[in-house]
Amino acid sequence: MASTVSTPRSMPQSGRLGSLDSPRSWASPAPFSGPETDNISNADEGEELLSVSWNQDYGCFAAGTSNGFRIYNCDPFKETFRRDLQGGGFGIVEMLFRCNILALVGGGSHPQYPLNKVMIWDDHQSRCIGEFVFRSEVRAVKLCRDLIVVILEHKIYVYNFTDLKLLHQIETLANPRGLCCLSYDPNTSVLACPGLRKGEVRVEHFGLKVTKFISAHDSNIACATLTVDGLLLATASTKGTLIRIFNTLDGTRLQEVRRGLDRADIYSIALSQNMQWLAVSSDKGTVHVFNLRVRVPGDNGPNQNKVAAVAHSPVMTHQNSSSSLDALMPQNTGANTSSSLAFMRGVLPKYFSSEWSFAQFHLPETTRYITAFGAQNTVMVIGMDGSFYRCSFDLVNGGPMVQREFIRFLNADSQRPKP
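Small disclaimer: the values here were computed from a predicted structure and weren't measured. (Residues numbered from 1 in each chain as written. Predicted model: local features only at pLDDT ≥ 70, side-chain atom pairs only at ≥ 80, totals over all residues. Heavy atoms only, no water.)

## Comments concerning the overall build of the protein
Scanning the protein from terminus to terminus reveals two helices and 30 strands. Considering only residue pairs separated by 6 or more positions, the protein has 48% of its internal contacts joining residues 24 or more positions apart. For the protein, the accessible area works out to roughly 18000 Å², and carbon and sulfur atoms hold 48% of it. (Helix = DSSP H or I, 4+ residues; strand = E, 2+ residues; numbered from the N terminus. Contact = heavy atoms within 4.5 Å. Areas by Shrake-Rupley, 256 points an atom, 1.4 Å probe, with all protein chains shown as cover.)

## A few points about the sheet that holds strand 2 (residues 49-54)
Ordered in space as 2-3-4-5, the four strands form an open sheet in which the pairing is antiparallel. Either end of the sheet is taken by a strand with one partner, and the two such strands are strand 2 and strand 5 (77-84). Averaged over all neighbouring strand pairs, the angle between strand axes comes to 20°, with direction disregarded. Sheet analysis places strand 4 (residues 68-74) next to strand 5, joined by seven bridges and oriented antiparallel. Note on strand 5: the bridge partner recorded for Cys 74 is Phe 77. (Pairing = 2+ DSSP bridges. Axes fitted to C-alpha atoms, helices over the stretch in contact; angles between N-to-C directions.)

## So, the sheet that holds strand 10 (residues 140-143)
Two strands in a sheet stick together by hydrogen bonds in their backbones, pointing the same way (parallel) or opposite ways (antiparallel). Pairing in this open sheet of four strands is antiparallel, and the strands run 10-11-12-13 from one edge to the other. Each end of this open sheet is capped by a strand with a single partner; those strands are strand 10 and strand 13 (166-171). Taking the axes of each pair of neighbouring strands and ignoring which way they run, one obtains an average angle of 15° across the sheet. Both strand 10 and strand 11 (residues 147-151) contribute to a ladder of four bridges, which runs antiparallel. Each bridged residue has a counterpart across the sheet, and for Ala 140 the counterpart in strand 11 is Ile 151.

## So, the packing of aromatic side chains
Under the criterion given, the structure shown has 22 aromatic pairs. Measuring from centroid to centroid gives 5.6 Å for Tyr 72 and Phe 77, while their planes differ by 25°, and the two rings are stacked. Just as Tyr 72 is buried, Phe 77 falls in that class too. Ring centres of Phe 132 and Tyr 159 lie 4.4 Å apart, and the angle between their planes is 45°; on these two criteria the pair is classed as tilted. Taken together, the residues span a long stretch of sequence, with Phe 132 in strand 9 (residues 127-134) and Tyr 159 in strand 12 (residues 155-160) at a distance of 27 residues. Considered together, Phe 132 and Tyr 159 belong to a single accessibility category, that of buried residues. One aromatic cluster in this structure is built from Trp 54, Tyr 58, Phe 61, Tyr 72, Phe 77, Phe 388 and Phe 409. In this arrangement the basic side chain of Arg 145 is found over the ring face of Phe 97, its NZ or CZ atom lying 4.3 Å from the centre. (Phe/Tyr/Trp six-rings, centres within 6.5 Å; stacked < 30°, edge-to-face > 60°. Buried < 20%, exposed > 50% of the residue type's maximum accessible area, 1.4 Å probe, protein only. Lys NZ or Arg CZ within 6 Å of the ring centre and 35° of its normal.)

## Some details on the pattern of salt bridges
Taken as a whole, this structure holds 17 salt bridges when the rule is applied. With a closest N to O distance of 2.5 Å, Glu 47 and Arg 70 form a salt bridge. You can see Glu 47 sitting in the loop between helix 1 (23-27) and strand 2 and its partner Arg 70 sitting in strand 4, a full 23 residues away along the chain. Looking at Arg 70, the relative accessible area reads 1%, which means it is buried. Put simply, Glu 256 and Arg 253 hold a salt bridge, and the shortest N to O gap is 3.5 Å. What makes Arg 253 partly exposed here is its relative accessible area of 43%. Where salt bridges share partners, they join Glu 47, Arg 70, Glu 79, Arg 82 and Asp 84 into one cluster. (Salt bridge = Lys/Arg side-chain N within 4 Å of Asp/Glu carboxyl O.)

In structure tokens, the structure reads:
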């Protein structure tokens, strides 16, 4: 499945994209670039939400609509930027942290661009600085500081961000959801995607030049995510009852938690930055939060704040799988919400000894939701109906979460950026 790459004549191939590596581009805590609007007076009339996606640190999210796209800051919640094009839809809008570079793919009944084309857009210059054209529809795009990853149904292309040169081509099983996740720590470069077998995940440690295949499930992979450093992988299958956590270096399964007993379509999996919590959203309308038992180096107890990054441990400086296993093996603390019948594991059905969710937040079963962790003990949820929720959970007792904020962001005039 060949691709075509082009850049405007006025832009040197190693110019603008390479400048993103400067510290100034990444140090600013400010939201996305300054507010700009185009023809916003009637933009909301009949506008359809086509996609939502978090940025790499979950501080912002992008919304692709049938008329353009918008960028929102999460805390405090505010629309910071929009492009309304009156007639051009975007099915994929992928941010690059909080800078002005976006990856855009058309979508909806009247797409702004063909569905087989990826546009790399610099909104500071208000122009396209690169494009990729493929022979089939683009399913997803992922960005990090040094890579552009384009996901098609049967192949993944990995490009160098500096000069747009093709670095890797990865064959996958049929991947209509465009499943692929990246690490975003500057010290690691990890990619995880479906393998060539049912239930298999392929993990590429580009920096270590190591490829690992993990047999994660018996059914096809439905959702997956990596920790920021790429050392841990969480997966769910199309069955949707179990979520499993793996060490990406040696493929060891470290923990398994149960969302429920009935089949479910898993929409998203999120891992907290301190690697203590995991959240899952599905078509059952409940966001579940689980307590992870994955140990990190220097952790002396189950309730300590696991801020230490695994990337700074010897795990990432050696390719010895046994050392990584020692660092990441789960410890049986008894602090997780598990069945009291765990001692009869192997006698009773498996779900009696499963680890169940620690906290829950119930949502209407009317749309698709994606979730992420916010500051402290908060969880954020975005709905494809244009809803944004922020809720909190009790770190000691768990149970039902408390709703702290609710916004209808798609038609919220009060959230518009000021001209």
